[in-house]
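As a plain string of letters, each chain reads:
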Amino acid sequence: MDIMHEIFRIHSTLSTFWWILLGVFFVIYIVLDGADLGAGVFSLLLNNENDRAAVMSSMAGTWDANETWLVVAGGVIFGAFPLVYGSTFNYLMIPLMFALWGIISRAVAFEFHVHAKSSRKFWGFMFGLGSLVAALFAGIALGATLLGFQMDTGNAQGIQMANDPFANTVPHFSGNALSFLSAFSIWTGIGALIAGGLAGTLYLCARFEQDDPIYLKAHKSATLFSFLALAAVVITLIWSYAIMPDAAKWTGNAWFGWLILLIAILVAAYKMMTNHAAHRDFAALLWCGAVVLFMWGGMWATNFPYIIPQTWTISQGGNPANDLAILTLFMTGFVPVMITYNVYQIWVFRKRITHLAGYESH
């Protein structure tokens, strides 16, 4: 009994460790590539194809490394929470398919735009459209995940065959292809576009010279997006509290801790807006990242001990303890290496550019 208790304790600890790391990987991806996606969406508002090329140029040295965090997060779900991976990707097959299409389209557009002549405008449009589709459907997938999904332990028809030794007893998604669609998930998709627009325009303000035409357009748009994002956050919080059981924690016995988190978010948002108004662009971008970090951390903590709200707990979805131990031993050391690489890239490509820059110059 003591051995079983110890194995359960180790399994619970390792599962929680990888759940925390998974949240870290996702928030790093959102902060880094969210700005790239938002800048891509903003590029649809630019009429000049050379300006769109300059937007691409601003992220030419970093965009592919930023997307690495999404690959790592997917790998963690597969390696540490395989049952969650199988059922969730079944549930979210359509929105993730479109999000992946968007990511692939913008990546192809990056490479083709610089070499194209007659089709240059088309690839510039695909860069923006791919960014928009990726952000929209990633947001829809997030909203659908927060609502949870139906599972069954029966066979393909949902009937457990007691006398059939080959009957499927592994919990699996039992809904249909459109189960992810709801008013809330569509709203979170729209919210993701607004948040991406804010992050993207703040990013462009930090990357372009302050007298550059693209900077002036991005600065004006960022002000608008900041107010839209504030309204979107309020709507999302109220809606979440109304429909999600775990959101009751916000006003439960630990309400004071959630109040501190809310104050931290408001302070970070205020600092972001004041720094933006004062044209302290990099500081504004950092404070935007802080807002995302606080809000994502609050969402992750709200769902604890679930990895998928009301569907999979962390322990239920985790791999056996010995598999998690091997994963921890061999993979954890790569995390500081990846972070160091990202920091180095940002430092190397920190210099501001102008609308005259082109992707081919990098």
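Residues numbered from 1 in each chain as written. Predicted model: local features only at pLDDT ≥ 70, side-chain atom pairs only at ≥ 80, totals over all residues. Heavy atoms only, no water.

Where an unreviewed UniProt entry is consulted, the protein appears under the name Cytochrome d ubiquinol oxidase subunit II, with the organism given as Acidithiobacillus concretivorus. UniProt annotates the protein under Subcellular location (unreviewed entry) with the comment "Cell membrane". Checking UniProt for the protein, the heading Sequence similarities (unreviewed entry) contains the comment "Belongs to the cytochrome ubiquinol oxidase subunit 2 family." (UniProt positions renumbered as here; feature names shortened; annotations may be inferred.)

Enquirer: How should the overall build of the protein be read in this particular structure?
Expert: A count of helical and extended segments in the protein gives 13 helices and 4 strands. A compact globule built from 362 residues should have a C-alpha radius of gyration of about 21 Å, and the protein, at 22 Å, falls within 12% of that. Reported as C-alpha extents along the three principal axes, the dimensions of the protein are approximately 70 × 50 × 40 Å. Contacts in the protein between residues far apart in sequence, at least 24 positions, make up 80% of those at least 6 positions apart. If you sum the accessible surface of the protein, you get close to 18,400 Å²; carbon and sulfur atoms cover 73% of it. A distance of 13 Å separates the average location of the 15 positive side-chain charges in the protein from that of its 18 negative side-chain charges. (Helix = DSSP H or I, 4+ residues; strand = E, 2+ residues; numbered from the N terminus. Rg over C-alpha atoms; globule rule 2.2 N^0.38 Å. Contact = heavy atoms within 4.5 Å. Areas by Shrake-Rupley, 256 points an atom, 1.4 Å probe, with all protein chains shown as cover. Lys, Arg positive; Asp, Glu negative; His and termini not counted. Charge placed at Lys NZ, Arg CZ, Asp CG, Glu CD.)

Enquirer: Explain unusual backbone geometry to me, please; I cannot follow it from the model alone.
Expert: Residues apart from glycine generally show negative phi values, whereas peptide bonds are mostly found in trans. Omega for the peptide link from Phe304 to Pro305 comes to 10°, which places this bond in the cis form. Assignment of secondary structure puts Pro305 in the loop between helix H10 (281–303) and strand S3 (306–308). Notably, Gln310 is not glycine yet its phi reads approximately 60°, a positive angle. With respect to the helices and strands, Gln310 occurs in the loop between S3 and strand S4 (312–313).

Enquirer: I keep staring at the confidence of the model for the protein and nothing clicks. Help me out?
Expert: Should the pLDDT be low somewhere, the predicted coordinates at that spot are not to be read in detail. Averaged over all residues, the pLDDT of the protein equals 88, while 94% of them reach at least 70. A low-confidence stretch, residues 156–166 (pLDDT under 50), is modelled with 9 contacts involving residues beyond four sequence positions or located in other chains. (pLDDT = per-residue confidence, 0-100.)

Enquirer: I tried to follow the packing of helix H5 (residues 93–113) against helix H6 (residues 120–147) on my own but got confused; where do I start?
Expert: Packed helix pairs are specified by the crossing angle of their axes together with the interaxial distance, meaning the distance between the axes. Two numbers describe how H5 lies on H6: the axes approach to 7 Å, and their chain directions differ by 155°. Here H5 lies roughly antiparallel to H6, going by the angle between them. The way H5 lies across H6 gives a crossing that is left-handed. Class assignment of the residues belonging to the contact of H5 with H6 gives a composition of 20 nonpolar, 6 polar and 2 charged. (Axes fitted to C-alpha atoms, helices over the stretch in contact; angles between N-to-C directions. Parallel < 35°, antiparallel > 145°, perpendicular 65-115°, else oblique. Left-handed = near helix turned anticlockwise from the far one by under 90°. Nonpolar A, V, L, I, M, F, W, Y, C, P; charged D, E, K, R; others polar.)

Enquirer: Explain the packing of helix H1 (residues 2–43) against helix H3 (residues 63–80) here, please?
Expert: Here H1 crosses H3 at 155°, and the two axes come no closer than 8 Å. Taken as axis vectors, H1 and H3 run roughly antiparallel relative to one another. At the point where H1 passes H3, the crossing takes the left-handed sense. From H1, Trp18, Leu22, Phe25, Phe26, Ile28, Tyr29, Leu32, Asp33 and Asp36 reach across to H3, where they touch Trp63, Asn66, Glu67, Trp69, Leu70, Val72, Ala73, Val76, Ile77 and Ala80. Looking at the contact of H1 with H3 residue by residue, the classes come out as 15 nonpolar, 1 polar and 3 charged.

Enquirer: Would you mind going over the nonpolar core with me for this structure?
Expert: Counting residues in each nonpolar core, the largest one holds 47 residues, and the members touching the most others are Trp18, Leu22, Phe81 and Ile307. By residue number, the principal contributor to this core is H1, which donates 12 residues. Beyond its immediate stretch of four places on either side in the chain, Leu22 contacts Ala73, Val76, Ile77, Trp300 and Ile307. With 38 residues, the next largest nonpolar core counts Met59, Phe127, Cys205 and Leu285 among its residues. (Core = buried A, V, L, I, M, F, W, Y, C linked by side-chain atoms within 4.5 Å. Buried < 20%, exposed > 50% of the residue type's maximum accessible area, 1.4 Å probe, protein only.)

Enquirer: Explain a nonpolar patch on the surface to me, please; I cannot follow it from the model alone.
Expert: Residues Leu237, Trp255, Phe256, Leu259, Ile260, Leu262, Ile263, Leu266 and Val267 make up a contiguous nonpolar surface patch of about 820 Å² in total accessible area. Ranked by residues supplied to the nonpolar patch, first place goes to helix H9 (residues 255–277) with 8 residues. (Patch = residues over 30% accessible without salt bridge, like charges linked within 9 Å, V, L, I, M, F, W, Y side chains within 5 Å. Salt bridge = Lys/Arg side-chain N within 4 Å of Asp/Glu carboxyl O.)

Enquirer: Would you explain the pattern of salt bridges in this entry?
Expert: It is possible for side chains bearing opposite charge to pair when their charged atoms get close. In the structure shown here, the tally under the stated rule is 4 salt bridges. Where Arg106 meets Asp33, a salt bridge forms, and the shortest distance between an N and an O atom there is 3.8 Å. Placement of Arg106 in helix H5 and of Asp33 in helix H1 is noted, with a sequence separation of 73 residues between them. The residues Arg106 and Asp33 share a single accessibility class, namely buried. Each member of the salt-bridge network shares a partner with another, and the members are Asp33, Glu67 and Arg106.

Enquirer: Quick question: what am I supposed to make of the environment of Ile194 here?
Expert: Note that Ile194 resides in helix H7 (residues 183–207). Classification of Ile194 by relative accessible area gives buried; the value is 14%. Spatially, the C-alpha atoms of Ile194 and Leu228 are 6.8 Å apart, while their sequence positions differ by 34 residues. Not counting the four nearest positions on each side in its chain, Ile194 is found in contact with Phe225, Leu228, Ala229 and Ala232.

Enquirer: Before we go on, may I ask you to explain H1 in this structure?
Expert: In an α-helix, one turn spans 3.6 residues, which is why side chains three or four residues apart end up on the same side. Its 42 residues give H1 an end-to-end C-alpha distance of 60 Å, which sits within 8% of 62 Å, the value for a rise of 1.5 Å per residue. The largest bend in H1 amounts to roughly 35° and is located at Asp33. (Expected span 1.5 Å × (residues − 1). Bend = angle between axes of the 7 residues up to and from the residue.)

Enquirer: Sorry, what's going on with H3 here?
Expert: Its 18 residues place the ends of H3 27 Å apart at the C-alpha level, agreeing with the 26 Å of an ideal helix rising 1.5 Å per residue. The set of residues buried in H3 consists of Trp63, Ala65, Asn66, Glu67, Trp69, Ala73, Val76, Ile77 and Ala80. Where H3 is buried, its residues meet H1, helix H4 (82–91), H5, helix H11 (314–317), helix H12 (321–331) and helix H13 (334–348).

Enquirer: Explain the packing of aromatic side chains to me, please; I cannot follow it from the model alone.
Expert: Within a pair of aromatic rings, the relevant descriptors are the distance that separates the centres and the angle that separates the planes. Considering all chains together, one arrives at 19 aromatic pairs under this definition. With 6.0 Å between their ring centres and 50° between their planes, Phe26 and Trp296 make a pair best called tilted. Taken together, the residues span a long stretch of sequence, with Phe26 in helix H1 and Trp296 in helix H10 at a distance of 270 residues. Accessibility assignment for this pair places Phe26 and Trp296 in one class, buried. Each ring, one from Phe78 and one from Tyr85, has its centre 5.1 Å from the other, and the planes form 75°; the classification is edge-to-face. A connected cluster of aromatic rings, assembled from ring pairs, spans Trp19, Phe26, Trp296, Trp300 and Phe304. (Phe/Tyr/Trp six-rings, centres within 6.5 Å; stacked < 30°, edge-to-face > 60°.)

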